Amino acid sequence: MSGSGPSSGGVAKSILQSAIKALGPKRLLHFIQRVDPNLVGPYVTSDYPKHLRDTAFREASANADGFTLVDVLRRNELWSLVKQSAKLAPGNYLEVGVWRGGTGLVIAEAMREAGIEAELYLADTFE
C-alpha cells in the first residue's frame, strides 16, 4: 500500500515545510484556499498588528464592544473597506442586520475619519 506507513508522514511534513519556506505561510494558505477551500475551512487572514497601531480604530472598536458579536478582526475589515470606499464616487451607506448597532458605530466612525460626508442607514429585519 503506497502512501501509508510511518515514512509517509515524514515525507508529507517535509513537503509542507518546503512549501511554507518557499511561499510563506500566508501565501500557501491562500493558494490552498483557491485549490480547494474545504481543505482549510473558513480561515480569516488579517494584518493583525496593523489594526493595533490605528488608535482611531481601536477607540471605535472599543466603543462597539457590548453592542456587536463581530470580532475585532472583522470590525477592522469593515473599517478598512469604508476607508477604501472614499476613493469611489459619492454615495450613501447601508448596513442590513444591525442587532445593537456596534458595527454601525464602527462604520460611522470610519466614515468620519475618512472625511466621507454621506448618509449611513442602519436597518434591522427583526421587529
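Residues numbered from 1 in each chain as written. Predicted model: local features only at pLDDT ≥ 70, side-chain atom pairs only at ≥ 80, totals over all residues. Heavy atoms only, no water.

Peer 1: So, the pairing of strand β1 (residues 93-96): which residues are in play, and what are the values?
Peer 2: For a regular strand, side chains alternate in direction, first toward one face of the sheet and then toward the other. Burial along β1 is one-sided: the residues Tyr93 and Glu95 are buried and none of Leu94 and Val96 is. You can see the chain leave β1, run along helix α6 (residues 102-114) and come back into strand β2 (residues 120-123), and the turn it takes is right-handed. (Buried < 20%, exposed > 50% of the residue type's maximum accessible area, 1.4 Å probe, protein only. Helix = DSSP H or I, 4+ residues; strand = E, 2+ residues; numbered from the N terminus. Right-handed = clockwise from strand over helix to strand, strands pointing away.)

Peer 1: So what's going on with unusual backbone geometry? Which residues, and what values?
Peer 2: Of note in this structure, tryptophan 99 is not a glycine but carries a positive phi near 60°. Here tryptophan 99 shows up in the loop between β1 and α6. Residue classification places tryptophan 99 among the partly exposed residues on the basis of a relative accessible area of 48%.

Peer 1: Now, about the confidence of the model for the protein chain: what can you tell me, with residues and values included?
Peer 2: Per-residue pLDDT for the protein chain averages 83, and the proportion of residues at 70 or more is 82%. Mean pLDDT values for the elements of the protein chain range from 70 in helix α3 (residues 48-53) up to 97 in α6. (pLDDT = per-residue confidence, 0-100.)

Peer 1: Residue-level account of the layout of surface pockets, with values.
Peer 2: Considering only enclosed or pocket space, the largest pocket measures out at about 150 Å³ in volume. Lining the largest pocket, in full, are Ser85, Ala86, Leu88, Ala89, Pro90, Gly91, Asn92, Tyr93, Ile116, Glu117 and Ala118. (1 Å grid on protein atoms, 1.4 Å probe; cavity = no way out; pocket = protein on both sides within 12 Å on 5 of 7 lines; lining within 4 Å. Points joined across faces, edges and corners; volume = space filled by probe spheres on them.)

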